[in-house]
Amino acid sequence: MPATYATMPFHLTTERLILRPWAPSDAAAFCDLLAERGNGRPPEDRIRTAIAEFLTATETTGIALLPVQRRAEGDFIGYCGLIIGRTTLEEPEIAYELFRHAHGRGYATEAAGTVLEAAAATGRTRLWSTVGTGNAPSLRVLEKLGFARDRVSVEENGEVAWLTRSLP
C-alpha cells in the first residue's frame, strides 16, 4: 500500500518573504520572469492557463509550487516549491527561480528552507533537486540547504546534476 502524506501548507512566511497560492494577477510578472531565461516572453493567456493547471495539480497532489513575494515591498520575485518534475510524488523535487534583480540576497535559500520544512511536515523522507551543472548559484543554494549530489545525467540542454536530501 502506498504511503499517504499530509498536504503541504500553501501559505508560508519567513522573515522577509511570503509564499502563497497563485492568482491570475501573477501572470504578467510570471511572464516577465520566464522571459529572463532568454527565450522570449510567453503569452499571458498561456501563463494564466498554466497558473490554473498549477492550482488544479496542487489540489490533487497536496504539494505546490508557490509564488514568492517580498514582505516589505509586496512584489513578486519568483517561485519556490515542490513539483513532481523528473521524480515522484513520494520524493518530489524542490524547484525555485527568482528574478535576476533578486539574486545574491539569500532569498532563494530562505524560500527553499521554508519549503523544506513544509515538505518534512508532510511526512516525506527525501527530496530531490535537478539543476544544470553550470548553474553555480543554484548549486550553492542547494549545498547550503544540505543537498548532496547523487548523479549527473546528460539531457537535451546539457548536463543536469541530481541532488538529494533526507528530511528529518
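Look a little higher up for the structure.
In this report, the structure presented in the accompanying data block is examined.

Quick look at the overall build of the chain
At step 1: Tallying secondary structure elements over the chain gives four helices and eight strands in all.
At step 2: When the helices and strands of the chain are placed in sequence order, the string is β-β-α-α-β-β-β-α-β-α-β-β.
At step 3: Taken against the 2.2 N^0.38 rule, which gives 15 Å for 168 residues, the C-alpha radius of gyration of the chain at 15 Å falls within 12% of a compact globule.
At step 4: Considering only C-alpha atoms, the chain reaches an extent of 40 × 35 × 30 Å along its principal axes.
At step 5: For the chain, with 168 residues in total, the buried portion stands at 45%.
At step 6: If you take every contact in the chain between residues at least 6 apart in sequence, the share linking residues at least 24 apart comes to 59%.

Regarding the nonpolar core
The nonpolar side chains of a soluble globular protein tend to be buried with one another.
At step 1: Grouped together as the largest cluster of nonpolar side chains are 33 residues, with contacts concentrated most on Leu19, Cys80, Leu82, Ile94 and Phe147.
At step 2: Broken down by secondary-structure element, the contributors of at least two residues to this core are strand S2 (17-19), strand S3 (65-70), strand S4 (76-83), strand S5 (93-98), helix H3 (107-121), strand S6 (126-132), helix H4 (136-144) and strand S8 (158-166).
At step 3: At eight residues, H3 tops the list of elements feeding residues into this core.
At step 4: Ignoring sequence-local partners within four residues, the contact set of Ile94 consists of Gly81, Leu82, Ala112, Val115, Leu116, Trp128, Ser129, Leu142 and Phe147.
At step 5: With 13 residues, the next largest nonpolar core counts Trp22, Leu33, Ile47 and Ala95 among its residues.

Observations concerning the pattern of salt bridges
At step 1: Going through the model one piece at a time under the given rule, you end up with 11 salt bridges.
At step 2: Residue Asp32 pairs with Arg41 through a salt bridge whose shortest N-O separation is 2.7 Å.
At step 3: The closest approach of N and O atoms between Asp75 and Arg70, which form a salt bridge, is 2.6 Å.
At step 4: In this structure Arg70 comes out as buried when scored by relative accessible area, which is 11%.

Some thoughts on the packing of helix H1 (residues 27-35) against helix H2 (residues 44-61)
Describing two packed helices takes the angle between their axes plus the distance from one axis to the other.
At step 1: Axis separation between H1 and H2 bottoms out at 9 Å; the angle between their running directions is 105 degrees. One element, H1, and the other, H2, form an angle in the roughly perpendicular class. Of H2, the residues touching H1 (which contributes Ala27, Ala28, Phe30, Cys31 and Leu34) are Glu44, Ile47, Arg48, Ile51 and Phe54.
At step 2: Across the contact of H1 with H2, the residue classes break down as eight nonpolar, no polar and two charged.

Side note on the side chain of Ser138
At step 1: Along the chain, Ser138 falls in helix H4.
At step 2: You can call Ser138 buried: its relative accessible area is 11%.

Concerning the packing of aromatic side chains
At step 1: The final tally for this structure, using the stated rule, is eight aromatic pairs.
At step 2: The interplanar angle of 80 degrees and the centroid separation of 5.9 Å between the aromatic rings of Phe30 and Tyr79 together place this pair among those described as edge-to-face. Linking Phe30 in helix H1 with Tyr79 in strand S4, this pair joins segments that are 49 residues apart in sequence.
At step 3: Looking at Tyr79, the relative accessible area reads 9%, which means it is buried.
At step 4: Clustering of aromatic rings is evident, with ring pairs tying together Trp22, Phe30, Phe54, Phe76, Tyr79 and Phe99.
At step 5: Directly above the aromatic system of Tyr5 lies the positively charged group of Arg124, at a separation of 4.3 Å from the ring centroid.

Let's talk about H1
At step 1: Taken together, the buried positions of H1 are Ala27, Phe30, Cys31, Leu33 and Leu34. Down the axis of H1, the smallest arc covering the buried residues is 160 degrees, so these residues share one side.
At step 2: Buried positions along H1 lie against H2, S4 and S5.

Procedures and definitions
Chains are numbered independently. Their residues run from 1 in the order of the written sequence. The predicted nature of this model means local features are confined to residues of pLDDT at least 70 and side-chain atom pairs, given and counted, to a pLDDT of 80 or more, with totals for whole chains, interfaces and linings taken over all residues. Each side-chain value is derived from all of the structure's non-hydrogen atoms; neither hydrogens nor water enter the calculation. For the purposes of this entry, the term helix denotes a DSSP run of H or I that reaches at least four residues, the term strand denotes a run of E that reaches at least two, and both are numbered from the N terminus. Throughout, radius of gyration means the C-alpha value; the globule benchmark is 2.2 Å times the number of residues raised to the power 0.38. Residue burial is assigned from relative accessible area. The probe radius is 1.4 Å, only protein chains are included, and a residue is buried under 20% of its type maximum, exposed over 50%, and partly exposed in between. In this analysis, two residues are considered to be in contact whenever any of their non-hydrogen atoms come within 4.5 Å of each other. Among buried residues, those of type Ala, Val, Leu, Ile, Met, Phe, Trp, Tyr and Cys that are joined through side-chain atoms within 4.5 Å constitute a nonpolar core. The working definition used for a salt bridge is a side-chain nitrogen of Lys or Arg within 4 Å of a carboxyl oxygen of Asp or Glu. An axis is simply a line fitted to the C-alpha atoms; with a helix, the fit covers only the stretch in contact. Between two such axes, the angle follows the N-to-C directions and lies from 0 to 180 degrees. With respect to orientation, any angle under 35 degrees is reported as roughly parallel, any angle over 145 as roughly antiparallel, any angle of 65 to 115 as roughly perpendicular, and every other angle as oblique. Just so you know the grouping, Ala, Val, Leu, Ile, Met, Phe, Trp, Tyr, Cys and Pro go in nonpolar, Asp, Glu, Lys and Arg go in charged, and all remaining residues, Gly too, go in polar. Pairs were defined over the aromatic rings of Phe, Tyr and Trp, the Trp ring being its six-membered one, requiring ring centres within 6.5 Å. Orientation was assigned from the angle between planes: stacked under 30 degrees, edge-to-face over 60, tilted for the rest. When the NZ atom of lysine or the CZ atom of arginine is within 6 Å of a ring's centre and also within 35 degrees of its normal, the charge is said to sit over that ring. Working note: the arc is built from the helix axis to C-beta atom directions.

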